[in-house]
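# Coordinate inspection notes
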Amino acid sequence: MATIQDCIADATQRLRAAGSETARLDAELLLGWAVNVDRTALIAHRDAPVGADAQARFEAAVTRRAAGEPVAYIRGIKEFFGLAFAVDARALIPRPETEALVDLAVGEVMSRLAARPGEAGGGPGAGGDPIRIADIGTGSGAIAVALAVALRNRRVVMGRNVTIAATEVSPEALDLARENAVGHAAADGMRFIEADLFPPVLPDNGAPFDILLANLPYVQSDAIAGLPIATSFEPRLALDGGPDGLDVIRAVAERLPDVLTDDGVALFEIGADQGASGPAAVGAVLPGWRTSVEPDLARLPRVLRVERP
Ligand code: GLN
């Protein structure tokens, strides 16, 4: 019977030949999925035999991966912000660089709560209306759900201190987002709205948002064909940002005067090459508004911050 080591070695070779740049990691993740243990356990038991059923499952998974399908879709799961998200072809796979957006959002919520006149005892249970957050184009729900879980871990009460409205134009993706929220018991204080960016009337009778988050499509249309083959399995709708990649961000920026509170902030994920074009595009739509760019962990431009003058 083949051992874990044999299976990984064979599959690594096959995937490398098929053009994967992460052949060994792919092989380990897929074998872990096939035998239902995590990767570290595999590495610790290299001589253990792999049963026939698991091996067949593994072979099928490796064949899919060799054809270019992303590992995350094959496993049906992707780690993001320390959480496991269900993922499939309904939505874009969460990327590690998007964690920068969640980090900034957590900081923004906590500083806003801290600045509020607290109830007796203080802490982020402060009184007043909830901080209203929007996640526009939520896709798998990764940003909204990760944020809700991170806030809960800081004793923020979802629904009372904070509400999150997650919008999505694709009903299939919105279902996935709901599934992820329920999967993390994070649906309290969260609303899922099927809408092309914004619904005709914002929730809570049109009240504006304090914090708007968005990882919108921002890839230039003619750059899509040159993306890694794995990306071709993801919804084009989630990637294609028009000729300069900034069409959808521009469309949301145009609405900011109506949908943001006076001291509201919008945080847009942008491409690493949009550190100058992103602010310029938003500045053209919103003359005088303040824009700045925050880096991700790789120190690449990643989040465009937009506020009123
Ligand atoms: N970072 C993604 C990519 O490079 C793009 C995601 C997006 O358009 N929001 O494939």
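Whatever comes next refers back to the structure up there.
So, a few notes on the structure that sits alongside this text. All values reported here derive from a predicted model rather than from experimental measurement. (Residues numbered from 1 in each chain as written. Predicted model: local features only at pLDDT ≥ 70, side-chain atom pairs only at ≥ 80, totals over all residues. Heavy atoms only, no water.)

### Focus: the environment of glycine 278
Put simply, the rule is: Secondary structure elements follow DSSP: runs of H or I of four or more residues count as helices, runs of E of two or more count as strands, with numbering from the N terminus. Relative accessibility thresholds used throughout: buried, under 20% of the residue-type maximum; exposed, over 50%; partly exposed, between the two (1.4 Å probe, protein chains only).
Looking at the secondary structure, you find glycine 278 in helix α11 (residues 277–285). When its relative accessible area of 0% is taken as the criterion, glycine 278 is described as buried. It is 9.1 Å that separates the C-alpha atoms of glycine 278 and glycine 245, two residues lying 33 residues apart in sequence.

### With respect to the packing of aromatic side chains
Note the following rule: Each pair of aromatic rings taken from Phe, Tyr and Trp, with Trp reduced to its six-membered ring, is defined by centres within 6.5 Å and is described as stacked if the planes are under 30 degrees apart, edge-to-face if over 60, and tilted in the remaining cases.
All chains considered together, the criterion is met by two aromatic pairs. Centre to centre, the rings of phenylalanine 80 and phenylalanine 81 are 6.3 Å apart; their planes meet at 40°, and the pair counts as tilted. Classification of phenylalanine 81 as partly exposed rests on a relative accessible area of 23%. For phenylalanine 80, a relative accessible area of 1% translates into the label buried.

### Let's talk about the nonpolar core
Rules: For our purposes a nonpolar core is just a set of buried Ala, Val, Leu, Ile, Met, Phe, Trp, Tyr and Cys residues, chained together by side-chain atoms within 4.5 Å. Here a residue-residue contact requires only that any non-hydrogen atoms of the pair lie within 4.5 Å.
The biggest cluster of nonpolar side chains holds 38 residues, and the ones touching the most others in it are Ile133, Leu147, Val162, Ile164 and Met190. Looking at this core, the element that brings in the most residues is helix α7 (residues 142–153), giving ten residues. With residues near it in sequence (within four places) discarded, valine 162 still touches Val109, Pro130, Ile131, Ile133, Leu151, Val156, Val157 and Gly189. With 30 residues, the next largest nonpolar core counts Leu202, Ala214, Ala266 and Trp289 among its residues.

### What to know about the site of the ligand
Where we set the bar: We call a residue near a molecule or strand when any one of its heavy atoms sits within 4 Å of it. Each polar contact in these results corresponds to two N or O atoms within 3.5 Å; when the atoms are within protein, one needs to be able to donate a hydrogen and the other to accept it, and residues that are neighboring in sequence are counted only if both atoms are side-chain atoms. Areas reported as accessible are Shrake-Rupley estimates using a 1.4 Å probe. Residue values count occlusion only from the protein chains shown. For this scheme, ten residues count as nonpolar: Ala, Val, Leu, Ile, Met, Phe, Trp, Tyr, Cys and Pro. Four count as charged, namely Asp, Glu, Lys and Arg, and the remainder, Gly too, count as polar.
Neighbouring the ligand are Leu92, Arg95, Glu97, Asn215, Leu216, Pro217, Tyr218, Val219, Ala238 and Leu239. A distance of 2.7 Å separates a nitrogen atom of the ligand from a polar atom in the side chain of asparagine 215. When isolated, the ligand has an accessible area of 300 Å², and the protein chains bury 86% of it. Tallied by class, residues from the shell around the ligand come to seven nonpolar, one polar and two charged.

### Regarding helix α6 (residues 99–114)
Note the cut-off: Multiply 1.5 Å by the residue count of a helix minus one, and that product is the helix's expected span.
A rise of 1.5 Å per residue sets the reference length of α6, with its 16 residues, at 22 Å; its end C-alpha atoms lie 23 Å apart and thus fit the reference within 8%. Those residues of α6 that sit buried are Ala100, Leu101, Val102, Ala105, Val106, Glu108, Val109, Arg112 and Leu113.

### Brief notes about the pattern of salt bridges
Put simply, the rule is: Note on definitions: salt bridges are taken to be side-chain nitrogens of Lys or Arg within 4 Å of carboxyl oxygens of Asp or Glu.
If you walk through the whole model with that rule in mind, you get 22 salt bridges. Across the salt bridge formed by arginine 90 and aspartate 88, the nearest N and O atoms sit 2.8 Å from each other. Relative accessible area serves as the criterion here: at 26%, arginine 90 is assigned to the partly exposed category. Exposure remark for aspartate 88: the relative accessible area of 25% places this residue in the partly exposed category. The partner of aspartate 258 in a salt bridge is arginine 255, and the shortest N-O contact between them spans 3.8 Å. A residue pair is termed a helical-turn pair when its members lie 3 or 4 positions apart in one helix, as aspartate 258 and arginine 255 do in helix α10 (residues 247–259) at three residues. Its relative accessible area of 52% is what places aspartate 258 among the exposed residues. Under the relative-accessibility criterion, arginine 255 is labelled partly exposed at 31%. Each of Glu108, Arg112, Asp263, Arg290, Arg305 and Glu307 takes part in one network of salt bridges that share partners.

Worth remembering: the numbers are spatial, not functional.
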